[in-house]
Amino acid sequence: MTLPSTDSPRIIRIAAALLIGPDGRTLLVRKRGTQAFMQPGGKIEAHEQPVHALARELEEELGLIIDPAHVSYLGQFSAPAANEPGFVVQAELFLLTIDVDVTPAAEIEEVIWIDPATDGGVTLAPLTRDLILPFYRASLTEPA
């Protein structure tokens, strides 16, 4: 077995959701024992397609049942991991509009809805702060 070199970041592959409510706000979650809010989602298992990992994680973490056929793939985004120093998260990001209540479960301690044009006045994970919210804001200002 070879160990990863110290100059190449270790990758955490995740599926994440840009969940948009009927009022245009986006849902963020905070894991128990952490400070940063981020998109809901989680690690992709070796045998899973990213959209199926997303469906599993949303059900585990929020009690949210989704139909993978009704999500839109937005692309792959990478940033330093918020809670694992020395790691990079590589997120397969999906857009999903929901109009149901969600309840934090599993390792999720708190959920908030924020205006995506702001930081919500909370600490955001690098992926959310530096890439996902700016990407979403830009999509809102593009002509249809």
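Residues numbered from 1 in each chain as written. Predicted model: local features only at pLDDT ≥ 70, side-chain atom pairs only at ≥ 80, totals over all residues. Heavy atoms only, no water.

Asks: Got a minute to help me understand helix H2 (residues 126–141) in this structure?
Replies: For an α-helix, 3.6 residues make a turn, and residues three or four places apart therefore share a direction. Between its first and last C-alpha atoms H2 spans 22 Å; for 16 residues at 1.5 Å apiece the expected length is 22 Å, and the two agree. Of all the positions in H2, only Pro-126, Leu-127, Thr-128, Ile-132, Leu-133 and Tyr-136 are classed as buried. Taken together, the buried residues of H2 touch strand E1 (10–20), strand E2 (26–31), strand E4 (72–80), strand E5 (87–97) and strand E6 (108–114). (Helix = DSSP H or I, 4+ residues; strand = E, 2+ residues; numbered from the N terminus. Expected span 1.5 Å × (residues − 1). Buried < 20%, exposed > 50% of the residue type's maximum accessible area, 1.4 Å probe, protein only. Contact = heavy atoms within 4.5 Å.)

Asks: What is the right way to look at the nonpolar core in this model?
Replies: Soluble globular proteins tend to pack their nonpolar side chains together in the buried interior. If you look at the biggest cluster of nonpolar residues, it comprises 23 residues, and the most contacted ones within it are Leu-19, Leu-54, Leu-58, Leu-62, Leu-64, Ile-66 and Leu-96. Those elements that provide at least two residues to this core are E1, E2, helix H1 (50–62) and E5. Considering every element that reaches this core, the biggest residue donor is H1, with six residues. Setting aside residues no more than four positions away along its own chain, Leu-62 makes contact with Leu-19, Leu-27, Val-29, Pro-40, Glu-57, Val-102, Thr-103 and Val-111. Among the nonpolar cores identified, the runner-up in size contains 14 residues, and Ile-12, Leu-18, Phe-77 and Ala-81 belong to it. (Core = buried A, V, L, I, M, F, W, Y, C linked by side-chain atoms within 4.5 Å.)

Asks: Honestly, the confidence of the model for the chain in this entry has me stumped. Any pointers?
Replies: Model confidence for the chain is summarised by a mean pLDDT of 91, while 92% of its residues fall at 70 or above. Highest mean pLDDT in the chain belongs to H1 (97); lowest belongs to H2 (92). (pLDDT = per-residue confidence, 0-100.)

Asks: Help me understand the pattern of salt bridges, please; the structure alone is not making it clear to me.
Replies: As a working rule, side chains carrying opposite charge can pair if their charged atoms are close by. Within the structure shown, the criterion is met by eight salt bridges. In this structure, Asp-23 and Arg-25 form a salt bridge, with 2.7 Å as the shortest nitrogen-oxygen distance. Owing to a relative accessible area of 35%, Arg-25 belongs among the partly exposed residues under this scheme. Asp-130 is the salt-bridge partner of Arg-129, the closest N and O atoms lying 2.7 Å from each other. We classify Arg-129 as partly exposed; its relative accessible area is 42%. Salt bridges linked by common partners bring Glu-45, Glu-48, Arg-56, Glu-57 and Glu-60 together as one network. (Salt bridge = Lys/Arg side-chain N within 4 Å of Asp/Glu carboxyl O.)

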